[in-house]
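Architecture at a glance
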Amino acid sequence: MTRESVLGRAVRIIEVFGPDAPALGVSELARRTGLHVATVSRLVEHLVGYGWLQRDADRKVRIGMRLWEVASRASPALPLREAAMPFMEDLHAVVRQHIQLAVREGDEVLFLERLSARRAVINLTRIAGRLPLHASSSGEVLLAHAPAEVQERVLGGVLSAFTPYTVTDPKALRARLADIRRDGFALCAGFIDERATGVAVPVRGPGGPVVAALGVVVPNDAGARTVIPALRATALGIGRAMGLSPDENRV
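Residues numbered from 1 in each chain as written. Predicted model: local features only at pLDDT ≥ 70, side-chain atom pairs only at ≥ 80, totals over all residues. Heavy atoms only, no water.

Quick look at the pattern of salt bridges
Which entries qualify depends on this criterion: Any Lys or Arg side-chain nitrogen found within 4 Å of a carboxyl oxygen on Asp or Glu counts as a salt bridge. Each residue gets one of three labels from its accessible area relative to the maximum for its type: buried under 20%, exposed over 50%, partly exposed in between, using a 1.4 Å probe on protein chains only. Only DSSP runs of H or I reaching four residues or more are called helices, and only runs of E reaching two or more are called strands; each is numbered from the N terminus.
With the rule as written, the count across this model stands at 16 salt bridges. In this structure, R12 engages E4 in a salt bridge whose closest nitrogen and oxygen atoms are separated by 2.5 Å. Judged by its relative accessible area of 31%, R12 is partly exposed. A residue is classified by how much of its surface remains accessible, and E4, at 31% relative accessible area, is partly exposed. Put simply, R81 and E113 hold a salt bridge, and the shortest N to O gap is 2.6 Å. Here E113 lies in strand β4 (residues 108–115) and R81 lies in helix α5 (residues 78–95), a separation of 32 residues in the sequence. Salt bridges sharing common partners tie together E28, R31 and R32.

In structure tokens form, the structure reads like this:
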């Protein structure tokens, strides 16, 4: 059995933190990582020294500002986010519901940005949160335009259900992906929460490939489809801001 490197153990510690666990004690870190308490304590001290972790007054540990700083200024998603934000803000002013930008990361959808409003419909996604590709409108858009091997891997894997309306049948999902490529949008009514509908369209990068999905989460009612034209126009604007011609950014 290959011994895990010090770097590997440090990564395990950092990856434990999340929205539901923003600050943890050393003992809890050890439990969640499966590492010895002494090992965790030693590595935490090193990471705190570099600013990648920081200690609270109660000695609990959280992600440090230095790690956020490095990730923010060097992220490959930064140009996409900077191009998208002005258009997302304009769309948000019209829709007054959740607007979100997502990319595919492996076999999951990763949400880069989200704008919300008071009294908006429930939305379980978060910035830097992930969902399976098959379970959301943004994920379906990205899956529909993913390489064939990614599609086959997802279709051949476990398609878990969040609600009775989540599509978990591979044949039905394959047909939905074909419809998304033809129609240029995904509409997922009640897939994550029965009270909400996700609607998403592709955002195309230089040369025309789909690089992201732009989505909204609106109430699960007959009005959900009315946001599609505004979504398409916003995605077109983002594509133009990334240096594309209108022909390259077809949705």
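Still more ground to cover, so stick around.
Quick word on unusual backbone geometry
Excluding glycine, residues mostly have negative phi values, and the peptide bonds linking residues are mostly trans. Located in the positive-phi region is R59, a residue other than glycine, with phi close to 75 degrees. Structurally, R59 can be placed in the loop between β1 (53–55) and β2 (61–63). Overall, R59 belongs to the exposed group, its relative accessible area being 52%. With a phi close to 60 degrees, R96 is a non-glycine residue in the positive phi region.

A closer look at the side chain of D193
Definition in use: As used in this structure description, the phrase polar contact means that two N or O atoms lie within 3.5 Å; if the pair is within protein, one of them must be able to donate a hydrogen and the other to accept it, and residues adjacent in sequence are counted only when both atoms belong to side chains.
Following the sequence through the fold, D193 ends up in the loop between β6 (186–189) and β7 (196–204). Of note is the side chain of D193, whose polar atom sits 2.9 Å from the backbone nitrogen of R195.

Details of the confidence of the model for the protein
Formally: What pLDDT expresses is the predictor's confidence in each residue, scored from 0 to 100. What makes two residues a contact is simply this: any of their non-hydrogen atoms within 4.5 Å.
Considering every residue of the protein, the mean pLDDT works out to 91; 96% of them sit at 70 or more. Contacts from residues 245–251, a stretch scored under 50 in pLDDT, to residues over four places away or in other chains number 18 contacts.

Re the packing of helix α1 (residues 6–16) against helix α3 (residues 37–50)
To keep it simple, the criterion reads: For helices, the axis comes from a line fit to the C-alpha atoms of the stretch in contact; other axes are also lines fit to C-alpha atoms, and the angle between any two N-to-C directions lies between 0 and 180 degrees. Roughly parallel means an angle under 35 degrees; roughly antiparallel, over 145; roughly perpendicular, 65 to 115; everything else is oblique. Three residue categories are used. Nonpolar comprises Ala, Val, Leu, Ile, Met, Phe, Trp, Tyr, Cys and Pro, charged comprises Asp, Glu, Lys and Arg, and polar comprises the others, including Gly.
Taken N-terminus to C-terminus, the directions of α1 and α3 make an angle of 85 degrees; their axes are 10 Å apart at the nearest point. As summarised for this structure, α1 and α3 are arranged roughly perpendicular, according to the angle between their axes. Packed against α1, whose contacting residues are V6, R9, A10, I13 and I14, the element α3 presents T39, V40, R42, L43 and L47 at the interface. Considered class by class, the residues forming the contact of α1 with α3 number seven nonpolar, one polar and two charged.

Here we look at the nonpolar core
Our working rule: Residues belong to one nonpolar core when they are buried, are Ala, Val, Leu, Ile, Met, Phe, Trp, Tyr or Cys, and are joined through side-chain atoms within 4.5 Å.
Within the largest apolar cluster, 28 residues are counted, with the highest numbers of intra-cluster contacts made by M88, I99, L214, V216 and L231. It is α5 that contributes the most residues to this core, six residues altogether. Setting aside residues up to four positions removed in sequence, V216 forms contacts with L91, H98, I99, T197, G198, V199, V227 and L231. One finds L159, F191, V210 and A213 within the second-largest nonpolar core, a separate group that totals 26 residues.

What about the environment of Y165?
Its location among the elements puts Y165 in the loop between α7 (148–155) and α8 (170–183). Residues Y165 and C188, 23 residues apart in the sequence, show an inter-C-alpha distance of 8.5 Å. With sequence-adjacent residues up to four places away left out, Y165 is seen in contact with A189, G190, F191 and E194.

Concerning the pairing of β4
Put simply, the test is: One requirement defines pairing of two strands: DSSP has to find at least two bridges between them.
Within β4, six of the eight residues are buried, leaving the element largely enclosed by the surrounding structure. Sheet topology note: the strand β3 (residues 98–105)/β4 ladder contains seven bridges and is antiparallel. Within β4, the position partnered with Q100 by the bridge is R114. Connecting β3 to the next strand, β4, in antiparallel fashion are two residues, including G106 with a positive phi near 65 degrees. Of the strand pairs in this sheet, β4 and strand β5 (residues 130–132) are connected by three bridges, and their pairing is antiparallel. In the sheet register, V109 faces β5, and the bridge partner there is L131.

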